[in-house]
Amino acid sequence: MIESSFNFNSHNYALTITEKIADIKSEWENLAGNNVYLQTRYLDLLEKFGPLTYHYYYACAKKDGIPVGIIYFQRKQVDLSKDFRIHTHSKNPLAKIRVSFLKWFFRFLKSDLLIMGNVLLTGEYAFRFLDNMSQDEQNEILDHTINEVKSFVKSTSGHKIKT
(Lines give C-alpha, C1' and ligand atoms only; values in the text may rest on other atoms or scores of the structure.)
Protein backbone atom coordinates (compact mmCIF):
# COMPACT_ATOMS: atom_id res chain seq x y z
CA MET A 1 0.00 0.00 0.00
CA ILE A 2 1.24 3.49 -0.81
CA GLU A 3 0.01 6.97 -0.09
CA SER A 4 0.65 10.14 -2.04
CA SER A 5 -0.69 13.66 -2.00
CA PHE A 6 -1.23 16.55 -4.38
CA ASN A 7 -2.89 19.95 -4.46
CA PHE A 8 -5.61 21.16 -6.81
CA ASN A 9 -7.68 24.35 -6.58
CA SER A 10 -6.38 25.18 -3.10
CA HIS A 11 -7.37 21.78 -1.68
CA ASN A 12 -5.16 18.99 -0.39
CA TYR A 13 -5.81 15.56 -1.87
CA ALA A 14 -4.48 12.27 -0.54
CA LEU A 15 -4.44 9.06 -2.50
CA THR A 16 -4.15 5.55 -1.08
CA ILE A 17 -3.33 2.73 -3.52
CA THR A 18 -3.39 -0.95 -2.59
CA GLU A 19 -3.62 -4.42 -4.08
CA LYS A 20 -6.08 -5.62 -1.43
CA ILE A 21 -9.58 -4.23 -1.14
CA ALA A 22 -9.55 -5.17 2.55
CA ASP A 23 -6.94 -2.42 3.18
CA ILE A 24 -9.46 0.33 2.36
CA LYS A 25 -12.72 -1.55 2.87
CA SER A 26 -14.54 0.97 5.07
CA GLU A 27 -13.78 3.98 2.84
CA TRP A 28 -14.60 1.94 -0.28
CA GLU A 29 -17.97 0.71 1.00
CA ASN A 30 -19.02 4.24 1.96
CA LEU A 31 -18.53 5.40 -1.64
CA ALA A 32 -19.40 2.31 -3.72
CA GLY A 33 -23.15 2.77 -3.59
CA ASN A 34 -25.36 -0.02 -4.94
CA ASN A 35 -23.13 -0.98 -7.88
CA VAL A 36 -22.55 -4.71 -7.38
CA TYR A 37 -19.30 -4.58 -9.39
CA LEU A 38 -17.84 -2.05 -6.96
CA GLN A 39 -18.90 -3.94 -3.84
CA THR A 40 -16.05 -5.20 -1.67
CA ARG A 41 -17.54 -8.72 -1.58
CA TYR A 42 -17.35 -8.96 -5.38
CA LEU A 43 -13.85 -7.45 -5.57
CA ASP A 44 -12.62 -9.75 -2.80
CA LEU A 45 -13.92 -12.76 -4.76
CA LEU A 46 -12.03 -11.57 -7.85
CA GLU A 47 -8.83 -11.27 -5.83
CA LYS A 48 -9.21 -14.81 -4.52
CA PHE A 49 -10.72 -16.64 -7.50
CA GLY A 50 -10.23 -14.42 -10.56
CA PRO A 51 -8.17 -15.31 -13.63
CA LEU A 52 -4.57 -16.22 -12.87
CA THR A 53 -2.99 -13.53 -15.03
CA TYR A 54 -5.00 -10.67 -13.52
CA HIS A 55 -3.86 -8.33 -10.77
CA TYR A 56 -6.06 -5.83 -8.99
CA TYR A 57 -5.43 -2.29 -7.73
CA TYR A 58 -7.67 -0.01 -5.73
CA ALA A 59 -7.37 3.69 -4.99
CA CYS A 60 -9.20 5.88 -2.53
CA ALA A 61 -8.98 9.65 -2.96
CA LYS A 62 -9.50 12.02 -0.07
CA LYS A 63 -10.08 15.76 -0.26
CA ASP A 64 -9.01 17.62 2.85
CA GLY A 65 -9.10 14.30 4.74
CA ILE A 66 -12.58 13.23 3.58
CA PRO A 67 -12.97 10.25 1.17
CA VAL A 68 -14.38 11.59 -2.10
CA GLY A 69 -13.63 8.93 -4.72
CA ILE A 70 -12.73 5.31 -5.39
CA ILE A 71 -10.98 3.98 -8.50
CA TYR A 72 -10.54 0.35 -9.53
CA PHE A 73 -7.95 -1.16 -11.91
CA GLN A 74 -7.14 -4.53 -13.37
CA ARG A 75 -3.78 -5.46 -14.86
CA LYS A 76 -3.73 -8.30 -17.35
CA GLN A 77 -0.51 -9.87 -18.44
CA VAL A 78 -0.76 -10.54 -22.16
CA ASP A 79 1.42 -13.34 -23.46
CA LEU A 80 0.45 -14.02 -27.07
CA SER A 81 2.25 -17.37 -27.10
CA LYS A 82 -0.18 -18.56 -24.40
CA ASP A 83 -3.24 -16.47 -25.25
CA PHE A 84 -3.48 -17.64 -28.87
CA ARG A 85 -3.80 -21.33 -29.50
CA ILE A 86 -1.83 -21.66 -32.69
CA HIS A 87 -1.89 -25.09 -34.24
CA THR A 88 -2.56 -26.90 -37.46
CA HIS A 89 -4.04 -30.22 -38.39
CA SER A 90 -2.50 -30.01 -41.82
CA LYS A 91 0.15 -32.45 -42.92
CA ASN A 92 1.56 -29.77 -45.21
CA PRO A 93 5.18 -29.03 -44.14
CA LEU A 94 4.76 -25.31 -44.93
CA ALA A 95 1.77 -25.05 -42.61
CA LYS A 96 3.76 -26.74 -39.84
CA ILE A 97 6.70 -24.38 -40.40
CA ARG A 98 4.33 -21.39 -40.30
CA VAL A 99 2.87 -22.55 -36.97
CA SER A 100 6.34 -23.14 -35.52
CA PHE A 101 7.45 -19.68 -36.62
CA LEU A 102 4.34 -18.00 -35.13
CA LYS A 103 4.81 -19.81 -31.82
CA TRP A 104 8.45 -18.73 -31.73
CA PHE A 105 7.61 -15.13 -32.70
CA PHE A 106 4.75 -14.76 -30.22
CA ARG A 107 7.06 -15.71 -27.32
CA PHE A 108 8.57 -12.22 -27.68
CA LEU A 109 5.24 -10.38 -27.59
CA LYS A 110 4.48 -9.91 -23.93
CA SER A 111 2.90 -6.87 -22.38
CA ASP A 112 0.87 -5.66 -19.45
CA LEU A 113 -2.47 -3.93 -19.92
CA LEU A 114 -3.73 -1.63 -17.19
CA ILE A 115 -7.49 -1.33 -17.38
CA MET A 116 -9.41 1.18 -15.33
CA GLY A 117 -12.45 -0.85 -14.33
CA ASN A 118 -13.29 -4.42 -15.22
CA VAL A 119 -11.89 -5.79 -18.47
CA LEU A 120 -14.94 -8.02 -18.95
CA LEU A 121 -17.62 -5.37 -18.36
CA THR A 122 -18.66 -2.15 -20.01
CA GLY A 123 -20.27 0.74 -18.24
CA GLU A 124 -19.60 2.66 -15.06
CA TYR A 125 -17.55 0.10 -13.16
CA ALA A 126 -14.21 1.89 -12.90
CA PHE A 127 -14.74 4.65 -10.37
CA ARG A 128 -17.21 6.53 -8.25
CA PHE A 129 -17.04 10.02 -6.81
CA LEU A 130 -19.23 11.97 -4.47
CA ASP A 131 -22.00 13.72 -6.38
CA ASN A 132 -20.73 17.18 -5.44
CA MET A 133 -17.32 16.62 -7.10
CA SER A 134 -16.81 18.76 -10.20
CA GLN A 135 -15.77 17.16 -13.48
CA ASP A 136 -12.44 19.04 -13.28
CA GLU A 137 -11.77 17.60 -9.82
CA GLN A 138 -12.65 14.10 -10.98
CA ASN A 139 -10.38 14.39 -14.02
CA GLU A 140 -7.49 15.69 -11.92
CA ILE A 141 -7.88 12.83 -9.45
CA LEU A 142 -8.12 10.26 -12.26
CA ASP A 143 -5.02 11.62 -14.02
CA HIS A 144 -3.03 11.61 -10.80
CA THR A 145 -4.28 8.14 -9.87
CA ILE A 146 -3.36 6.59 -13.22
CA ASN A 147 0.21 7.88 -12.94
CA GLU A 148 0.51 6.73 -9.33
CA VAL A 149 -0.87 3.27 -10.10
CA LYS A 150 1.60 2.90 -12.98
CA SER A 151 4.44 3.73 -10.57
CA PHE A 152 3.00 1.38 -7.94
CA VAL A 153 2.82 -1.49 -10.45
CA LYS A 154 6.45 -0.93 -11.44
CA SER A 155 7.64 -0.76 -7.84
CA THR A 156 5.73 -3.84 -6.66
CA SER A 157 5.98 -6.13 -9.68
CA GLY A 158 8.77 -4.74 -11.85
CA HIS A 159 6.34 -4.50 -14.77
CA LYS A 160 6.30 -1.22 -16.66
CA ILE A 161 2.97 0.01 -17.97
CA LYS A 162 3.40 1.78 -21.29
CA THR A 163 1.23 4.70 -22.30
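In case you missed it, the structure is sitting above this.
First, a word on what this report is: a plain description of the structure on this page. Here the structure is a predicted model, which means the values were calculated and not measured. (Residues numbered from 1 in each chain as written. Predicted model: local features only at pLDDT ≥ 70, side-chain atom pairs only at ≥ 80, totals over all residues. Heavy atoms only, no water.)

Here we look at the pattern of salt bridges
Move 1: Across all of its chains, the model carries 4 salt bridges by this definition.
Move 2: Residues E27 and K62 are paired through a salt bridge, measuring 3.6 Å at the closest nitrogen-oxygen approach. With a gap of 35 residues between them, E27 in helix 1 (residues 25–32) and K62 in strand 3 (residues 54–63) connect regions that are remote in the sequence.
Move 3: Residue classification places K62 among the partly exposed positions, given a relative accessible area of 22%. (Salt bridge = Lys/Arg side-chain N within 4 Å of Asp/Glu carboxyl O. Helix = DSSP H or I, 4+ residues; strand = E, 2+ residues; numbered from the N terminus. Buried < 20%, exposed > 50% of the residue type's maximum accessible area, 1.4 Å probe, protein only.)

With respect to helix 2 (residues 40–49)
Move 1: Three or more residues of helix 2 are buried, namely T40, L43 and L46. One side of helix 2 holds all its buried residues, which, seen down the axis, span an arc of 120 degrees. In helix 2, the exposed positions that point more than 90 degrees away from the buried face belong to R41, K48 and F49.
Move 2: Lining the buried residues of helix 2 we find helix 1, strand 3 and strand 4 (66–79). (Arc of directions from axis to C-beta. Contact = heavy atoms within 4.5 Å.)

Brief notes about the environment of I70
Move 1: Counting through the fold element by element, I70 comes out in strand 4.
Move 2: Taking the C-alpha atoms as reference, I70 lies 9.5 Å from E29; in sequence the two are 41 residues apart.

A few points about the packing of aromatic side chains
Move 1: Counted under the stated rule, the structure contains 9 aromatic pairs.
Move 2: Judged by centre distance (5.2 Å) and plane angle (85 degrees), the rings of Y37 and Y42 are edge-to-face.
Move 3: Given a relative accessible area of 27%, Y37 falls into the partly exposed group.
Move 4: Arranged with centres 6.0 Å apart and planes meeting at 15 degrees, the rings of F101 and F105 form a pair that is stacked. Of this pair, F101 and F105 are both found in helix 4 (residues 93–106), 4 residues apart, which corresponds to roughly one turn of the helix.
Move 5: Residue classification places F105 among the partly exposed positions, given a relative accessible area of 35%. (Phe/Tyr/Trp six-rings, centres within 6.5 Å; stacked < 30°, edge-to-face > 60°.)

The analysis is restricted to geometry; functional conclusions fall outside its scope.
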